[in-house]
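Chain by chain, the residues run as shown.
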Amino acid sequence: MEPLEILECSPPLAREPLDAERAAAVARVFKALGDPVRLRIVSIVAGHEGGEACVCDITGAFDLSQPTISHHLKVLKDVGLLTSERRASWVYYRLVPETLGELSALLDVPSVV
């Protein structure tokens, strides 16, 4: 899967309907976030000091096997929500703020007075 590139400069849903291709790309990201484990992983990384978390910090938060956590991390990377960097024997994960910003902008609906 490619990271979420279709959302670049996406107008809010309230302004313009999504075409089929864009809707499919956005749905992939929301599907990734729709899993409770992956949503928790995103919150752990976001809330970790410095905005990055070691895989050891993530794995320790769950009662799941390391391969299962690796699968969830791969899904989040594949849709462009996380990026990673290897440092010695550990991998550190960071959020991709642009992807979260694009999702936020897409869902930005003006309040009705």
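Our structure is the block above this text.
Heads up: these notes are all about the structure in this document.

Each value, and the rule that gives it
Residues numbered from 1 in each chain as written. Predicted model: local features only at pLDDT ≥ 70, side-chain atom pairs only at ≥ 80, totals over all residues. Heavy atoms only, no water. Phe/Tyr/Trp six-rings, centres within 6.5 Å; stacked < 30°, edge-to-face > 60°. Lys NZ or Arg CZ within 6 Å of the ring centre and 35° of its normal. Buried < 20%, exposed > 50% of the residue type's maximum accessible area, 1.4 Å probe, protein only. Helix = DSSP H or I, 4+ residues; strand = E, 2+ residues; numbered from the N terminus. Pairing = 2+ DSSP bridges. Contact = heavy atoms within 4.5 Å.

What about the packing of aromatic side chains?
Per the counting criterion, the structure on display carries zero aromatic pairs. The ring centre of Y92 lies 4.3 Å from the NZ or CZ of R87, which sits over that ring.

Focus on the pairing of strand β3 (residues 90-95)
Going residue by residue along β3, you find V91, Y93 and L95 tucked away on one face and W90, Y92 and R94 left uncovered on the opposite face. Sheet analysis places strand β1 (residues 52-54) next to β3, joined by three bridges and oriented antiparallel. Its bridge partner lying in β3, A53 is registered against Y93. Bridge count between strand β2 (residues 82-87) and β3: six bridges; the pairing is antiparallel. Across the sheet, the residue bridging to R86 is V91, located in β3. Where β2 folds back on β3, the antiparallel hairpin that results is connected by two residues, among which A88 adopts a positive phi of roughly 55 degrees.

Let's talk about the environment of E52
By the element assignment, E52 lies in strand β1. With relative accessibility at 17%, the residue E52 sits in the buried group. In sequence terms E52 and S84 are 32 residues apart; their C-alpha atoms lie 9.0 Å from each other. Non-local contacts of E52, meaning those with residues more than four positions away in its chain, are made with V45, R87, Y92, Y93 and R94.

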